[in-house]
Amino acid sequence: MKRKPSIEATEVWIRLMRVQGKVLGAVEQDLKKAGFPPLAWYDALLELSRAPGGELRPVELEKQMLLPQYSTSRLIDRLVEEGLAARRECKMDKRGLFVEITDAGRELQKKMWNSYSAAIERHIGSKLSDADAVKLSGLLDRLGCCAGAPQAVTVTREAVKEPAKENTSAR
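Residues numbered from 1 in each chain as written. Predicted model: local features only at pLDDT ≥ 70, side-chain atom pairs only at ≥ 80, totals over all residues. Heavy atoms only, no water.

Per an unreviewed UniProt entry, the protein goes by the name Winged helix-turn-helix transcriptional regulator and belongs to Candidatus Afipia apatlaquensis.

Caption draft 1: A nonpolar patch on the surface, seen in detail. A cluster of nonpolar side chains, contributed by Leu-136, Leu-139, Leu-140 and Leu-143, occupies part of the molecular surface with about 330 Å² of accessible area. With respect to the element layout, Leu-140 can be found in helix 6 (residues 130–146). (Patch = residues over 30% accessible without salt bridge, like charges linked within 9 Å, V, L, I, M, F, W, Y side chains within 5 Å. Areas by Shrake-Rupley, 256 points an atom, 1.4 Å probe, with all protein chains shown as cover. Salt bridge = Lys/Arg side-chain N within 4 Å of Asp/Glu carboxyl O. Helix = DSSP H or I, 4+ residues; strand = E, 2+ residues; numbered from the N terminus.)

Caption draft 2: Fine view of helix 1 (residues 7–33). In a regular helix each residue adds 1.5 Å, so 27 residues correspond to 39 Å; helix 1 covers 39 Å between its end C-alpha atoms and thus fits that length. Buried residues along helix 1 sit against helix 2 (39–50) and helix 5 (103–125). Just downstream of helix 1, Gly-35 is the residue with a positive phi angle, here 85°. (Expected span 1.5 Å × (residues − 1). Contact = heavy atoms within 4.5 Å.)

Caption draft 3: Examining the nonpolar core more closely. Tyr-42, Leu-79 and Tyr-116 are the most contacted members of the largest nonpolar core, which has 26 residues in total. Taken together, the elements giving at least two residues each to this core come down to helix 1, helix 2, helix 3 (58–65), helix 4 (69–81), strand 3 (97–101) and helix 5. Ranked by residue count, the leading element in this core is helix 2, at 7 residues. (Core = buried A, V, L, I, M, F, W, Y, C linked by side-chain atoms within 4.5 Å. Buried < 20%, exposed > 50% of the residue type's maximum accessible area, 1.4 Å probe, protein only.)

Caption draft 4: Geometry of the packing of helix 2 against helix 5. In the contact formed by helix 2 and helix 5, the axes pass within 9 Å of each other and the chain directions differ by 125°. Classed by the angle they form, the pair helix 2 and helix 5 counts as oblique. Crossing of helix 2 against helix 5: the hand is left-handed. In this structure, helix 2 contributes Leu-39, Tyr-42, Asp-43, Leu-45, Leu-46 and Ser-49 to the contact, and helix 5 contributes Gly-105, Arg-106, Leu-108, Gln-109, Met-112, Trp-113 and Tyr-116. (Axes fitted to C-alpha atoms, helices over the stretch in contact; angles between N-to-C directions. Parallel < 35°, antiparallel > 145°, perpendicular 65-115°, else oblique. Left-handed = near helix turned anticlockwise from the far one by under 90°.)

Caption draft 5: Just the packing of aromatic side chains, in detail. Following the criterion strictly, the structure yields 3 aromatic pairs and no others. Seen from their ring centres, Tyr-42 and Trp-113 are 6.2 Å apart, and the 25° between their planes marks the pair as stacked. One end of the pair, Tyr-42, is in helix 2; the other, Trp-113, is in helix 5, with 71 residues separating them in the sequence. Overall, the relative accessible area of 0% leaves Tyr-42 in the buried class. Judged by relative accessible area, which is 7%, Trp-113 ranks as buried. Within the aromatic cluster, the residues linked to one another by ring pairs are Tyr-42, Trp-113 and Tyr-116. Positioned over the ring face of Phe-98 is Arg-57, at 5.0 Å from the centre of the ring. (Phe/Tyr/Trp six-rings, centres within 6.5 Å; stacked < 30°, edge-to-face > 60°. Lys NZ or Arg CZ within 6 Å of the ring centre and 35° of its normal.)

Caption draft 6: Summary view of the sheet that holds strand 3. Spatially, 3 strands are ordered 1-3-2 in an open sheet, and the strand pairing comes out antiparallel. Both edges of this open sheet fall to strand 1 (55–56) and strand 2 (85–89), since each of them pairs with a single strand only. The sheet strands contacting helix 2 are strand 1, strand 2 and strand 3, and the helix crosses strand 3 at an angle near 100°. (Pairing = 2+ DSSP bridges.)

Okay, structure coming up:
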């Protein structure tokens, strides 16, 4: 018989789900109040800006963002409609497409970071000491390793100042 989760493990699960929903909702609300589009737009623009040449195949963007295919397709459509990204045909495989960030997309991503970083500070940074944040990151990394999640994202001081640089992440 397989082991069932302990009461403590179940309580942690419930708390993780609640805090994730609460904090994500609060960050989304802060971005909305500042007149910005949803957080998924920022995440997509960040991933595109970090990619070599500022472009990814839609399936690569989908994997980076951990969104279902239909959500990624709609998001790409909206980014293209707003002039923040462009679709372009793959020169090697005419059936393939790339999504490429535009200058307007880079500019929006940088502008959004000001509100996004303030929201991170308001909803996370002001509630945890740096030592607590490191400890919590370590605990969450342990959960990610067990669940087969992607490698932990490392945020550098440079990433916090300039999130569009390659090999950094502000999420």
